[in-house]
Every structure is written in structure tokens, then in C-alpha cells.
Amino acid sequence: MRFAPLSLVPVLLLLLRWEQPFTEAMINPVDFLALQAIRKSLDDLPGSNFFDSWDFTGDPCSFAGVYCDGDNVTALNLGDPRAGSPGLSGRIDPAIGKLYALTELTIVPGRIIGSLPDTISHSKNLRFLAITRNFISGEIPASLGELRGLGTLDLSYNQLTGSVPPSIGSLPELSNLILCHNHLNGSLPRFFSQTLTRIDLKSNNLTGAISPTSLPPSLQYLSLGWNQLTGPVNQVLLRLNQLSYLDLSLNRFTGAIPGQIFAFPITNLQLQRNFFYGAVQPANQVTIATVDLSFNRFSGEISPLLSSVQNLYLNNNRFTGQVPVTFVDRLLASGIQTLYLQHNFLTGIQISPAADIPVSSSLCLQYNCMVPPVQTPCPVKAGPQKTRPTTQCNEWRG
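Keep in mind it's a predicted model, so treat the numbers as computed, not measured.

About the criteria used
Residues numbered from 1 in each chain as written. Predicted model: local features only at pLDDT ≥ 70, side-chain atom pairs only at ≥ 80, totals over all residues. Heavy atoms only, no water. Helix = DSSP H or I, 4+ residues; strand = E, 2+ residues; numbered from the N terminus. Buried < 20%, exposed > 50% of the residue type's maximum accessible area, 1.4 Å probe, protein only. Contact = heavy atoms within 4.5 Å. Areas by Shrake-Rupley, 256 points an atom, 1.4 Å probe, with all protein chains shown as cover. Pairing = 2+ DSSP bridges. Axes fitted to C-alpha atoms, helices over the stretch in contact; angles between N-to-C directions. Salt bridge = Lys/Arg side-chain N within 4 Å of Asp/Glu carboxyl O. Polar contact = N/O pair within 3.5 Å; in protein donor to acceptor, adjacent residues only side chain to side chain. Core = buried A, V, L, I, M, F, W, Y, C linked by side-chain atoms within 4.5 Å. 1 Å grid on protein atoms, 1.4 Å probe; cavity = no way out; pocket = protein on both sides within 12 Å on 5 of 7 lines; lining within 4 Å. Points joined across faces, edges and corners; volume = space filled by probe spheres on them. UniProt positions renumbered as here; feature names shortened; annotations may be inferred. Disulfide = S-S within 2.5 Å.

Engineer: Outline the overall build of the protein, supporting the account with residue identities and numerical values.
Structural biologist: Helix and strand content of the protein: six helices and 27 strands. The principal-axis extents of the C-alpha atoms in the protein amount to approximately 90 × 40 × 35 Å. Put simply, the protein has 398 residues, and 52% of those count as buried. Across the protein, contacts joining residues at least 24 apart in sequence account for 42% of those joining residues at least 6 apart. Carbon and sulfur atoms make up 53% of the accessible area of the protein, which totals about 17800 Å².

Put into C-alpha cells, the structure is as follows:
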């Protein structure tokens, strides 16, 4: 890695130029030194030439990824943003906190290691912070809570540990929090921002129950899948009637789910692999495209109001009774693409053995309290048995 060494003479020249009138924008000395320190701690990965334009004998405001307003750096986008670009290696120098006018900081996917400098909190005007798909480790600095104007915090796909600092939840302007695919633990903090629309904490090690008031009703996207969260969520969900996406899969949630959530503007509902129980009772015809309730303990009869769902996964529960005829009608009319009902206690479905099921549709009925009237391909994980043992069905009815 080669670059012009910083010495007293160029800095004096820079100071002289900064104090004199000029027609071109020239960066202030503090930002100049900060950029030099940042450059020293980072390098292009093989195949990347992002730093080729970073020649400190010229104006840093013309560097790739550097954006200025007057003599201040206001945005720093490090790395080639084009898809498939190799990215950068190295560490984030604490001098980044010297860019006091910075409003935006992004680093493209690469091999950045080390912790996130505490000094980032010195850039009080920061509104957008995104460093994704690198190898950032250590804890999320609690001092990020001092960035009162921060709207987006995206540190996804790194190796962060520790808990989500409560100070993050106190950020008043936060609208997007994306910390998925890390190693975060502890409980979910309470979020106070009334403009928060997106929380993505999927694939971490979060534990504990969610307080009914911890999530604001402004949320439109909530992804908490692949954690170890526990407790009921019915009171939590009732407040989130603006949700368009909900993923609570692969946790240890318990209790019933409110029928009202099926009327939310959700397009994708993922509740699979928890310990939810009770009846599933939507109040009106469900318009959600994909509903996955599989691998829970739901029981009772299947509501015909679910027959309008395009991809419906009810397998591995405790549903009983007949499959409503509206499901058959929709299936044969290609209105249902996926209907998985295997591993329940269902007793029948009114469909002809000669029924012509569309090629685009998938139906699985095996391992219920009936002989499947049609033979359809099922997932391998459904097992080889077509029918549930009679003894199990009798015990369940009893």
C-alpha cells in the first residue's frame, strides 16, 4: 500500500490554501487528516481499485466516495458499490469521528475486521450508518445513542456480540434498524421512535419475552426469526396493525395468536416452528399471499377463510375435522399454489381421486386420520407414512 506521507510542509500549504480565497472547494484540515488516517487503515481487496483516486496531493472532495458541502465532508461511501465488487479490507480508524459534519457513512461488503469505533458518535449529524457483510466484531457502542438524528442503522451480516444497547431504542428519529445475522444476545430493548418502520434482528441469539409496549405501532416490517425469544406475543401484535411483513419463526413463542393479524396489510406471515397453540380464527377472508403456521400446536378445525391464501403451510400441528371444500375449489382453479396439511389429525377432504390438480400447485395430505384420496408428491421430510396410526387418532378424539 503506497500513499504520500503526511509531513509538516503539505499541512502548512493546506492551511495557507484554506485561509485564502479560492474558486474550487478545498477541504478543511481536520477532515483532511481524518481521511488520511482512514485511508491508512483500509485497503482494496484484490480486484478492487476504489482507492486509486485517493491522491492526497489533490482535493479530497474529488475522491471516490467522498462528498463535501463547502469545506466539510458530509458523506463517505467507502468501496465500489457495484454488485460483485470485492470490497475493502482492514479496520475502521477512530479518526472517522473527526468528520464532524458527516451525515452518511456506508462501507460495502468486504473483509473489514475489528470493532466499530466509539468515536463515530462524535459525528453528531450522522443520519445514515450502514456497514454490512463484513467481519465487524465486538459490541455495538452504546454511544451511538448520542446520534439523535440517526434514521438508519444497518450493521447486518457481521460478527457483533453483546446486547442491543437500550440507547439505540431511545433514538428519536430511528426509522430502520437492521442488525440481522450477527451474534447478538440479551433481550429486545424498548423502542421509543414513533417513526420506526423496520426492525430486522433475524438470526441472532436474542432471549426473553417481548414487552407489549416495547415496539411502536408505526412498524411495517418486523423480522425476529431464528432467535430464542419466549413468551406470548398476542398483546404485542395487536398494536402493530400497520405490518406488511412479520417473521417470528424459529423461536420459543407461546400462546394464541390474535385473529385480527390476518386483517393487517401483511403480504408474508411467518410464524412457523414455535409453540403457538389454540384455534386460528380470522374474522374475514384472508388476503395474505403466504402464511406459514407449520410446526406449532394449533388445533381446532381449519377456517375456510384461509382458502384465499396462495401459499398456506399448516403442516405439523393438531388441526382436526374436514378440510373445507373451498380449499379444493381454489386448488383446482390454480388459486392455491401450496397447501401443506400433512402431520395433523384431519379426517377427510372432498376431492375426487381422479381430480386434475394443476402442475403449478402442491398438495400434501399424508399422516392424517384419513387415507389421502389423491396421491400427490410431498416433501421428503413428511416421511413415508401415508396415514397416522389409528391409535393416535382415537387418543386424540378421546
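Engineer: Describe the sheet that holds strand 4 (residues 88-91), with residues and values.
Structural biologist: The three strands are arranged 1-4-6 in an open sheet whose pairing can be described as mixed. Every interior strand has two partners, whereas the edge strands, strand 1 (42-44) and strand 6 (111-113), have only one. Across the sheet, the axes of successive neighbouring strands diverge by a mean angle of 10°, strand direction being ignored.

Engineer: So, the pattern of salt bridges: which residues are in play, and what are the values?
Structural biologist: Using the criterion set out here, one finds four salt bridges in the structure. Between Arg-82 and Asp-80 there is a salt bridge, with the nearest N and O atoms lying 2.6 Å from each other. Owing to a relative accessible area of 60%, Arg-82 belongs among the exposed residues under this scheme.

Engineer: Kindly report on the side chain of Ser-123, identifying the contributing residues and their values.
Structural biologist: By secondary structure assignment, the location of Ser-123 is in the loop between strand 6 and strand 7 (128-131). Among the polar contacts listed, one links the side chain of Ser-123 to the backbone oxygen of Leu-99, at a separation of 3.0 Å. Aside from chain neighbours lying at most four places away, what touches Ser-123 is Ile-96, Gly-97, Leu-99, Tyr-100, Leu-102 and Leu-147.

Engineer: Lay out the nonpolar core with the relevant residues and their values.
Structural biologist: Counting 99 residues, the largest nonpolar core has Trp-54, Leu-76, Leu-215, Leu-222 and Phe-262 as the members making the most contacts within it. Among the secondary structure elements, those contributing two or more residues to this core are helix 2 (29-41), strand 3 (72-78), strand 5 (104-107), strand 7, helix 4 (234-238), strand 24 (318-323), helix 5 (325-332) and strand 26 (345-349). Counting residues per element, this core draws most heavily on helix 2, at four residues. Not counting chain neighbours up to four residues away, the residues in contact with Leu-76 comprise Leu-35, Ile-38, Trp-54, Gly-65, Val-66, Ile-96, Leu-99, Leu-102, Glu-104, Leu-105 and Thr-106.

Engineer: Which residues make up empty space enclosed by the protein, and what are the values?
Structural biologist: Applying the stated criterion across every chain, the model contains one cavity of 30 Å³ or more. Considered as a void within the structure, the largest cavity measures approximately 50 Å³ in volume. Every residue along the wall of the largest cavity is listed here: Leu-365, Gln-366, Pro-372, Val-374, Gln-375, Thr-376, Cys-378 and Lys-386.

Engineer: Outline the pairing of strand 7, supporting the account with residue identities and numerical values.
Structural biologist: Residues in a regular strand project their side chains so that they alternate between the two faces of the sheet. Inspection of the sheet shows strand 5 paired to strand 7 by four bridges, in the parallel sense. Considered in strand 7, the bridge of Glu-104 is made with Phe-128. With three bridges joining them, strand 7 and strand 9 (residues 152-154) adopt parallel strand pairing. Considered in strand 9, the bridge of Phe-128 is made with Thr-152.

Engineer: Please set out the sheet that holds strand 22 (residues 297-301) residue by residue, giving values where relevant.
Structural biologist: The strand order across the open sheet formed by eight strands is 12-14-16-18-20-22-24-26, and the pairing between neighbours is parallel. The two strands at the open ends of the sheet, each matched to only one other strand, are strand 12 (185-186) and strand 26. Strand direction decides the pairing type here: strand 16 (residues 228-232) and strand 18 (residues 252-255), joined by three bridges, are parallel. Residue pairing in the sheet places Gly-231 in a bridge with Phe-253 of strand 18.

Engineer: Give a detailed account of the environment of Pro-172, specifying residues and quantitative values.
Structural biologist: Note on placement: Pro-172 falls in the loop between helix 3 (166-169) and strand 11 (176-178). For Pro-172, a relative accessible area of 34% translates into the label partly exposed. Distance from Pro-172 to Gln-322, taken between C-alpha atoms, is 51 Å for residues 150 residues apart in sequence. Leave out the neighbours within four places in its chain, and Pro-172 touches Arg-148, Ser-193 and Thr-195.

Engineer: Could you give me a rundown of the UniProt feature "domain: Leucine-rich repeat-containing N-terminal plant-type" (unreviewed entry) in the protein, with the residues and numbers involved?
Structural biologist: Under the feature "domain: Leucine-rich repeat-containing N-terminal plant-type" (unreviewed entry), the UniProt entry names residues 31-69. In the segment residues 31-69, helix accounts for 28% and strand for 18%; the C-alpha atoms at its two ends are 12 Å apart.

Engineer: For the state of the cysteines, give the residues involved together with the corresponding values.
Structural biologist: Counting across every chain of the model gives three disulfides. A sulfur-sulfur distance of 2.1 Å marks the disulfide that ties Cys-61 to Cys-68. Disulfide Cys-61 to Cys-68: torsion about the S-S bond roughly -95°, handedness left-handed. Residue Cys-61 is classed as buried on the basis of its relative accessible area, which comes to 17%. One disulfide bridge connects Cys-369 with Cys-393, the sulfur atoms lying 2.0 Å from each other. Taking the torsion about the sulfur-sulfur bond, which here is approximately -100°, the covalent link between Cys-369 and Cys-393 counts as left-handed. With Cys-369 in the loop between strand 27 (362-364) and helix 6 (390-397) and Cys-393 in helix 6, this pair connects stretches of sequence that are 24 residues apart. Of the two residues examined, Cys-369 and Cys-393, each falls in the buried class.

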